[in-house]
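Now for the letters of each chain:
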Amino acid sequence: MKIMKKIHICLSTDDNYVKYALTVMHSIMKNKAWDDEPIFHLLYSELNEENFEKLKSIDNLILHEIDNSIFSSHFNNGVCKGVTIPTLYRLKLPSLLPDVKRVLYLDCDVIVLKSLSDFYNTTLDKNQYAAVVQDFGSLGHLKRLGLDSSEGNFYFNAGVCLFNLEKMREDNIEQKMFDFLYKNWGHLDFSDQDVLNSVLFKNVKKMDGRYNFLTPNVYFANDKDATIVHFAGIKPWKIGFYNKYREMFWHYLNETGYNEENSKRNMIFFIHKRPMQILWFIKMYPLFFTKKGRIKDFLRILMNLPY
Ligand SMILES: [Mn+2]
C-alpha cells in the first residue's frame, strides 16, 4: 500500500506574483519524492479571472481569501517601506489553518530542488514555534531590534519558515505578533520578518542553510545540497548577475506555461546596468558580511569572477 506523506505548504500572492507562486509550486511537484503529497495553501485577497484559471493547473491547492481590511485599517494604504500586505499574511497562519499542525511557509521568490519531507518532518522541541535559517547580518539585526545578541542567538530569514502552528495557537502567538506589529509599525525595517524574529526569539530551531539557500551565497558557499533556493536581494525577474539559479528559475517559470524571455535580463545588465548593481552591493555589503576577510569575496562578486 502506498502511504503518502502530507506536506502542508503555504504561499501568499497578489495578481503580480501568481506566476511566481506557480513557479514555486511547479518546482516542488517536479522535485518531490514519490511519496510526498504536497498540499498547497494559497493566501490572497483578490485575483483576476485569468489567474484563477491558471491556478487550476495545480492539484491539491486550497485557496484562502484574506480580508485586507484587517491590515489596511491600521496602515496607510496598507503599504509601508515597499512592503505589500500579502507579506503580512503569514502572521495569520495559526488561525487561518486551524486544522493544520505544521506548515511550511515559502516566499514566492524561491525554487525548490529536492524533497521537502526531511525539513517538514524535522523534530521540534516543546518550546520551538518554528524551524528557520539564519539570515545575513544576523548580529546587526539583533542589535537593531534590541534583542540579546549573545552566542547562539540569531536572526532568521522569514522567507522560509516551518511553523509549528499547534504550539503557536497554544501560546496565542498570533495575538502577540499583531500586538507587536501594531505597536512598532513604521519603525520596522523588515516588517513581518522583524515581528517574527522579535516574538519567536530563542524559541526556534536553527536549520542548515541548505533549507533556505540565499542566492548571494552562490559565490561563496557549498550549494551541493541546496533544497530551497531563495532569491534574497535581486529577484530573477529583475536585471542582475548571472548565476545558475536564475537560469533554473526561468526554466521552471517557462514550464508553467509562461513564455517569457530571460536572456535579455542577464545580457542588458552586462552592457548598461552594471553600475547600478555595484551600487546595490556597496549599499548592502555591511549587511551581508560582518566578518573580516570577506573583501576578496566582495570583489569577486563585482568582477563576476568564478571560483
Ligand atoms: Mn523572499
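This text goes with the structure placed above it.
The structure contained in this document is the topic of the report that follows.

Basis of the calculations
- Residues numbered from 1 in each chain as written.
- Predicted model: local features only at pLDDT ≥ 70, side-chain atom pairs only at ≥ 80, totals over all residues.
- Heavy atoms only, no water.
- Donors = N, O, S within 2.8 Å, 3.2 Å for Na, K, Ca; no water.
- Helix = DSSP H or I, 4+ residues; strand = E, 2+ residues; numbered from the N terminus.
- Buried < 20%, exposed > 50% of the residue type's maximum accessible area, 1.4 Å probe, protein only.
- Axes fitted to C-alpha atoms, helices over the stretch in contact; angles between N-to-C directions.
- Parallel < 35°, antiparallel > 145°, perpendicular 65-115°, else oblique.
- Left-handed = near helix turned anticlockwise from the far one by under 90°.
- Contact = heavy atoms within 4.5 Å.
- Nonpolar A, V, L, I, M, F, W, Y, C, P; charged D, E, K, R; others polar.
- Phe/Tyr/Trp six-rings, centres within 6.5 Å; stacked < 30°, edge-to-face > 60°.
- Pairing = 2+ DSSP bridges.

## What about the coordination of the manganese ion?
Around the manganese ion, the protein supplies Asp107 (OD), Asp109 (OD), Asp109 (OD) and His230 (NE2) as donor atoms, at distances of 2.2 to 2.5 Å. Between consecutive donor residues of the manganese ion, the sequence gaps follow D-x1-D-x120-H. Within this pair, whereas aspartate 109 is found in the loop between β4 (102–106) and β5 (110–112), its partner histidine 230 is found in strand β10 (residues 228–230), the two being separated by 121 residues in sequence. For the pair formed by aspartate 109 and histidine 230, the shared burial category is buried.

## Describing the packing of helix α8 (residues 173–184) against helix α9 (residues 191–200)
Orientation of α8 relative to α9, taken along the N-to-C sense of each, is 125°, at an axis distance of 9 Å. In terms of their interaxial angle, α8 and α9 are classed as oblique. Note that α8 runs across α9; the crossing there is right-handed. Facing Ile173, Lys176, Met177, Phe180 and Leu181 of α8, the residues of α9 in contact are Asp194, Val195, Leu196, Ser198, Val199 and Leu200. In terms of residue class, the contact of α8 with α9 is built from eight nonpolar, one polar and two charged.

## Some words on the side chain of lysine 19
One can find lysine 19 in helix α1 (residues 18–31). Judged by its relative accessible area of 19%, lysine 19 is buried.

## Digging into the environment of leucine 142
Positionally, leucine 142 belongs in helix α6 (residues 138–144). For the pair leucine 142 and phenylalanine 156, spaced 14 residues apart in sequence, the C-alpha separation works out to 9.8 Å. With sequence-adjacent residues up to four places away left out, leucine 142 is seen in contact with Leu147, Asp148, Ser149, Asn153, Phe154, Tyr155 and Phe201.

## Some words on the packing of aromatic side chains
Enumeration over the complete set of coordinates arrives at eleven aromatic pairs. Aromatic pair tyrosine 44 and phenylalanine 52: ring centres 5.6 Å apart, planes at 85°, arrangement edge-to-face. The class for phenylalanine 52 is partly exposed, based on a relative accessible area of 23%. With a centroid separation of 5.8 Å and an interplanar angle of 45°, the aromatic rings of tryptophan 237 and phenylalanine 249 are classed as tilted. Of this pair, tryptophan 237 sits in the loop between β10 and α10 (244–255) while phenylalanine 249 sits in helix α10, placing them twelve residues apart in sequence. For phenylalanine 249, a relative accessible area of 0% puts it in the buried group. Joined through ring pairs, the aromatic side chains of Tyr17, Tyr20, Phe231, Trp237, Phe249 and Trp250 make up one cluster.

## Focus: the sheet that holds strand β2 (residues 36–44)
If you walk across this open sheet you meet the seven strands as β3-β2-β1-β4-β7-β6-β8, and the pairing is mixed. On the outer flanks of this sheet lie β3 (61–65) and β8 (204–206), each paired with one strand and no other. This sheet shows a mean twist of 30° between the axes of neighbouring strands, independent of strand direction. Its contacts with the sheet put α1 on β1 (5–12), β2, β3 and β4, and the angle it makes with β2 is roughly 170°.

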